[in-house]
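Descriptive structure summary
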Amino acid sequence: MAVNVHFTGQTSDNLSRIELLAWINRTLLSDFKKVEELCTGAAYCQLMDVLFPGCISIKRVKYCTNVEHDFLSNLRMFQNALVQLKVDRSVPIERLAKGRFQDNFEFLQWFKKFFDANYDGKEYDPQAARNHVPMGYGTPNTLRPSQKLNTGSSGGLGAAMKRAGSNGSTSRLQAAGKGGKNTVSEQKAWEKISTLASNIDDLTVKIQDAEISREYYYKKLVMIEKLINENTEDEQDAFCSKVKEIMYATE
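Residues numbered from 1 in each chain as written. Predicted model: local features only at pLDDT ≥ 70, side-chain atom pairs only at ≥ 80, totals over all residues. Heavy atoms only, no water.

Turning next to the overall build of the protein. Within the protein, the regular secondary structure consists of 11 helices and 2 strands. Put simply, the protein runs from its N terminus to its C terminus through helices and strands in the order α-α-β-α-α-α-α-β-α-α-α-α-α. For the protein, the proportion of its 251 residues judged to be buried stands at 38%. As presented, the protein carries roughly 15200 Å² of accessible surface, and 53% of it is formed by carbon and sulfur atoms. (Helix = DSSP H or I, 4+ residues; strand = E, 2+ residues; numbered from the N terminus. Buried < 20%, exposed > 50% of the residue type's maximum accessible area, 1.4 Å probe, protein only. Areas by Shrake-Rupley, 256 points an atom, 1.4 Å probe, with all protein chains shown as cover.)

Attention now goes to the state of the cysteines. Considering all chains together, one arrives at 0 disulfides under this definition. For the unlinked cysteine C55, the closest cysteine sulfur is that of C45, found at 8.6 Å. According to the relative accessible area criterion, C55 is buried, its value standing at 16%. (Disulfide = S-S within 2.5 Å.)

This paragraph deals with the nonpolar core. Membership of the largest hydrophobic core comes to 47 residues, with the highest contact counts inside it found for I24, M48, F78, F111 and F114. For this core, the secondary structure elements donating two or more residues are α1 (17-28), α2 (42-51), α3 (68-84), α4 (93-97) and α5 (101-118). When neighbours within four sequence positions are excluded, F111 is seen to be in contact with W23, Y44, L47, M48 and F78. (Core = buried A, V, L, I, M, F, W, Y, C linked by side-chain atoms within 4.5 Å. Contact = heavy atoms within 4.5 Å.)

Moving on to the packing of α1 against α5. Where α1 meets α5, the axes come as close as 11 Å, and the angle between the chain directions of the two elements is 60°. As far as their axial angle goes, α5 and α1 are oblique. As α1 packs across α5, the resulting crossing turns out to be left-handed. Contacts between α1 and α5 involve R17, L20, W23 and I24 on the former and, on the latter, F101, F105, L108, Q109, F111, K112 and F115. Residue classes in the contact of α1 with α5 are distributed as 8 nonpolar, 1 polar and 2 charged. (Axes fitted to C-alpha atoms, helices over the stretch in contact; angles between N-to-C directions. Parallel < 35°, antiparallel > 145°, perpendicular 65-115°, else oblique. Left-handed = near helix turned anticlockwise from the far one by under 90°. Nonpolar A, V, L, I, M, F, W, Y, C, P; charged D, E, K, R; others polar.)

In this structure, N104 sits in helix α5. Engagement of the side chain of N104 in a polar contact is seen with the backbone nitrogen of C39, the distance being 3.5 Å. (Polar contact = N/O pair within 3.5 Å; in protein donor to acceptor, adjacent residues only side chain to side chain.)

Once that is clear, we can look at the packing of α2 against α5. For the pair α2 and α5, the least separation of the axes is 11 Å and the interaxial angle reads 10°. With respect to each other, α2 and α5 are oriented roughly parallel. Packed against α2, whose contacting residues are Y44, L47, M48, V50 and L51, the element α5 presents N104, F107, L108, F111, F114, F115 and N118 at the interface.

This brings us to the environment of E123. Along the chain, E123 falls in the loop between α5 and α6 (126-129). Relative accessible area serves as the criterion here: at 82%, E123 is assigned to the exposed category.

Given a rise of 1.5 Å per residue, 17 residues ought to cover 24 Å, and the 24 Å separating the end C-alpha atoms of α3 matches this to within 8%. Inspection of α3 places D70, F71, L72, N74, L75, M77, F78, Q79, A81 and L82 among the buried residues, and these make up the whole buried set. Next to the buried residues of α3 lie α2, β1 (64-65), α4, α5 and β2 (136-137). With its phi angle positive at about 60°, K86 sits one or two positions after the end of α3. (Expected span 1.5 Å × (residues − 1).)

These results come straight from atomic positions and should not be treated as a statement about function.
Written out as structure tokens, the structure reads:
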């Protein structure tokens, strides 16, 4: 029987989105870049398998997808598992599947509490459990270039590079080139491309994080402004004026 957790987002011990995402990727050896990408539902399904083995048919989970009907399928399996375990928590499937930050962040906060309350510390190999399928947002065809080199796909020059590096030989890499004429310099060029692609990915994530933070704090400021404008108490006028002065300052 699962331990139920009643969660309120107002507690001070909640983890940040960065900490939560790091926990997900560390536990599942996954490659989620943003909290919003947990809309796939795959992480929740496999984490339930960690807690309660067999409660979900993990072979049916779509681990690497960017298709909404796959999100819905995964999230419904997750919801059914909670129902079977008599967990008193409904999953906002439709909202999570839309990939909005706040919905996914708040639900992830609850699930981390639920996981901690039910985890017994047993060892678990997440990659073996999902048959070494990559887990993240997208598919092998839509993953970013730096991710494609690590998907274990049998085709393409990226896979040939990975295999060549694993046995210290360039013979397979040469076979992947046009007419078998690939050279060491071409291998280095591909490695440089992979590094640059990875750097682009990192910068993209940082930009997205900055935009999320900007939107989050802008909403907070709007709420503060609304409260100040609604306040008509005489003793608060001086304080409110100073707050507005800070808010509207251009320097």
